[in-house]
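Architecture at a glance
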Amino acid sequence: MLETFLNVVPITIIVGIIYVIYRIIKIKKNKLSVNYFYEIVKFIFVCYLTGLINLVLVPSNLWSHFWFYVKNGYSTGDSLGWFSGSFNFVPSLYKYLIKGELSIGTWIRDMLIGNMLMFIPMGIMLPLVFKNINKKNIFVIAILITLSIEILQPIVGRSFDIDDIIMNFIGSIIGYLAVTIFIKLKETNK
């Protein structure tokens, strides 16, 4: 997992630099006033989305192939695995509690927790970047984002997993609740 993350960091940095240049040009051209907090949050959101997309919607070995080629000048010869994804429509909790077919080992636990943690920033940043995100539509947005990702994953050789949908949704909602509580506490302390 760490190697996958490190493979994505250079791409995220490049996109972040391009975004900063774009914003500077747009601000200067349109003579806009700058809200630095908002600009920093948008920058972090762009970098987060770039990393997220690369982690969940790019073939799992694409960047390792790319960096191997950059370093060595030739390909590894492995295929990227397009359209080879698998499907899991039964939640692990159901398999574990009801059917008794599954033991929650470290891999499953780490994947469940990791999928939740990966989407907490989504829930935090969505209402900060888009002012029309509220408690009425956050549930729909959170489920649509994670469903879209899971539907696309088998195309890039990854798997559709109901556990991912559940945990990504929970992570988004936790992030949204955390930022909402923080904003309310900040407003009451003024």
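1. Brief notes about the overall build of the protein chain
- In terms of regular secondary structure, the protein chain is built from 7 helices and 2 strands.
- Written out in order from the N terminus, the α and β elements of the protein chain read α-α-α-β-α-α-α-β-α.
- Taking all 190 residues of the protein chain together, the buried fraction comes to 33%.
- When contacts within the protein chain are restricted to residue pairs at least 6 apart in sequence, those whose partners lie at least 24 apart make up 71%.
- In the form shown here, the protein chain has an accessible surface area of approximately 12300 Å², with 70% of it arising from carbon and sulfur atoms.

2. Topic: the pattern of salt bridges
- Taken as a whole and judged by the stated rule, the model has 2 salt bridges.
- The salt bridge involving Glu39 is made with Arg23; its shortest N-O contact spans 2.6 Å. Residue Glu39 is found in helix H2 (residues 36–56), and its partner Arg23 is found in helix H1 (residues 2–30); the two are separated by 16 residues along the sequence. As far as the burial class goes, Glu39 and Arg23 line up, both buried.
- We note a salt bridge from Glu39 to Lys42, for which the minimum N-O separation is 4.0 Å. With Glu39 and Lys42 both in helix H2, this residue pair falls 3 residues apart, about one helical turn.
- In the salt-bridge network here, residues are joined through shared partners; they are Arg23, Glu39 and Lys42.

3. Some remarks on helix H7 (residues 162–188)
- Helix length check: H7, at 27 residues, gives a terminal C-alpha distance of 39 Å against a target of 39 Å (1.5 Å per residue), a fit within 8%.
- Of all the positions in H7, only Asp163, Asp164, Ile165, Met167, Asn168, Gly171, Ser172, Ile173, Gly175, Tyr176 and Val179 are classed as buried.
- At the N-terminal end of H7, a side-chain oxygen is found 2.9 Å from the backbone nitrogen of Asp163, two or three residues along, and the residue is Asp161.

4. Things to note about the nonpolar core
- Counting residues in hydrophobic clusters, the biggest one holds 19 residues, and the most contacted among them are Phe45, Tyr48, Leu52, Phe119, Met122, Leu126 and Ile138.
- At 7 residues, the largest contribution of residues to this core is made by helix H5 (residues 106–129).
- Those residues in contact with Tyr48, other than ones at most four positions away along the chain, are Met118, Phe119, Pro121, Met122 and Met125.

5. Quick look at the packing of helix H6 (residues 138–152) against H7
- Relative to each other, H6 and H7 sit at 145°, their axes nearing to 9 Å. Crossing hand, H6 versus H7: right-handed. Residues Ile138, Phe139, Ala142, Ile143, Thr146, Leu147 and Glu150 of H6 touch H7, and the partners they reach there are Asp164, Ile165, Asn168, Phe169, Ser172, Ile173 and Tyr176.
- Along the lines of polarity and charge, the residues of the contact of H6 with H7 split into 9 nonpolar, 3 polar and 2 charged.

6. Let's talk about the environment of Tyr69
- Take Tyr69: it is sitting in helix H3 (residues 62–72).
- Since its relative accessible area comes to 47%, Tyr69 is described here as partly exposed.
- Contacts of Tyr69, omitting those with residues within four sequence positions, involve Tyr74 and Ser75.

7. Side note on the side chain of Thr50
- You can see Thr50 is positioned in helix H2.
- Non-local contacts of Thr50, meaning those with residues more than four positions away in its chain, are made with Ile11, Thr12 and Val15.

8. Some thoughts on unusual backbone geometry
- The phi dihedral of Lys31 is positive, around 50°, even though this residue is not glycine.
- By secondary structure assignment, the location of Lys31 is in the loop between H1 and H2.
- On the basis of relative accessibility, which here comes to 74%, the residue Lys31 falls in the exposed class.

9. Things to note about the environment of Ile155
- Looking at the secondary structure, you find Ile155 in the loop between H6 and strand S2 (160–161).
- Separated by 96 residues in the primary sequence, Ile155 and Pro59 place their C-alpha atoms 8.8 Å from one another.

10. Description of a nonpolar patch on the surface
- A cluster of nonpolar residues, Val20, Ile24, Val34, Tyr36, Ile40, Phe43 and Ile44, forms a patch on the protein surface that exposes about 610 Å² of accessible area.
- Of all the elements in the fold, those that place two or more residues in the nonpolar patch are H1 and H2.
- Within the secondary structure layout, Val34 lies in the loop between H1 and H2.
- The class for Val34 is partly exposed, based on a relative accessible area of 33%.

Reading guide: rules and limits
Position numbers for residues start from 1 in each chain and track the written sequence from start to end. Restriction of local features to residues with pLDDT of at least 70 applies here, the model being predicted, together with a cutoff of 80 or more for giving and counting side-chain atom pairs; totals for whole chains, interfaces and linings are based on all residues. Excluded from the side-chain calculations are hydrogens and water; all other atoms, namely the structure's heavy atoms, are used. For helices the rule is a DSSP run of H or I covering at least 4 residues; for strands it is a run of E covering at least 2, with both sets numbered from the N terminus onward. Residue burial is assigned from relative accessible area. The probe radius is 1.4 Å, only protein chains are included, and a residue is buried under 20% of its type maximum, exposed over 50%, and partly exposed in between. We call two residues in contact whenever any of their non-hydrogen atoms come within 4.5 Å of each other. Per-residue and other accessible areas were derived by the Shrake-Rupley procedure at a 1.4 Å probe size, with only the shown protein chains allowed to occlude residues. Throughout this description, the term salt bridge denotes a Lys or Arg side-chain nitrogen within 4 Å of a carboxyl oxygen of Asp or Glu. Take the number of residues in a helix, subtract one, and multiply by 1.5 Å to get its expected span. Think of a polar contact as two N or O atoms within 3.5 Å of one another; within protein, one of them needs to be a possible hydrogen donor and the other a possible acceptor, and neighboring residues in sequence only count if both atoms come from side chains. Nine residue types can take part in a nonpolar core, namely buried Ala, Val, Leu, Ile, Met, Phe, Trp, Tyr and Cys, and a core is a set of them joined through side-chain atoms within 4.5 Å. Angles run from 0 to 180 degrees between N-to-C directions of axes, and those axes are lines fitted to C-alpha atoms, restricted for helices to the stretch in contact. Crossing handedness: left-handed means the near helix sits turned counterclockwise from the far one by under a right angle, and right-handed means the same turn made clockwise. Following the grouping adopted for this structure description, the nonpolar residues are Ala, Val, Leu, Ile, Met, Phe, Trp, Tyr, Cys and Pro, the charged ones are Asp, Glu, Lys and Arg, and the polar ones are all others, Gly among them. Patch criteria: residues need more than 30% relative accessible area and no salt bridge. Like-charged residues are merged within 9 Å; nonpolar side chains of Val, Leu, Ile, Met, Phe, Trp and Tyr are merged within 5 Å.

Nothing here speaks to function; it is all geometry.
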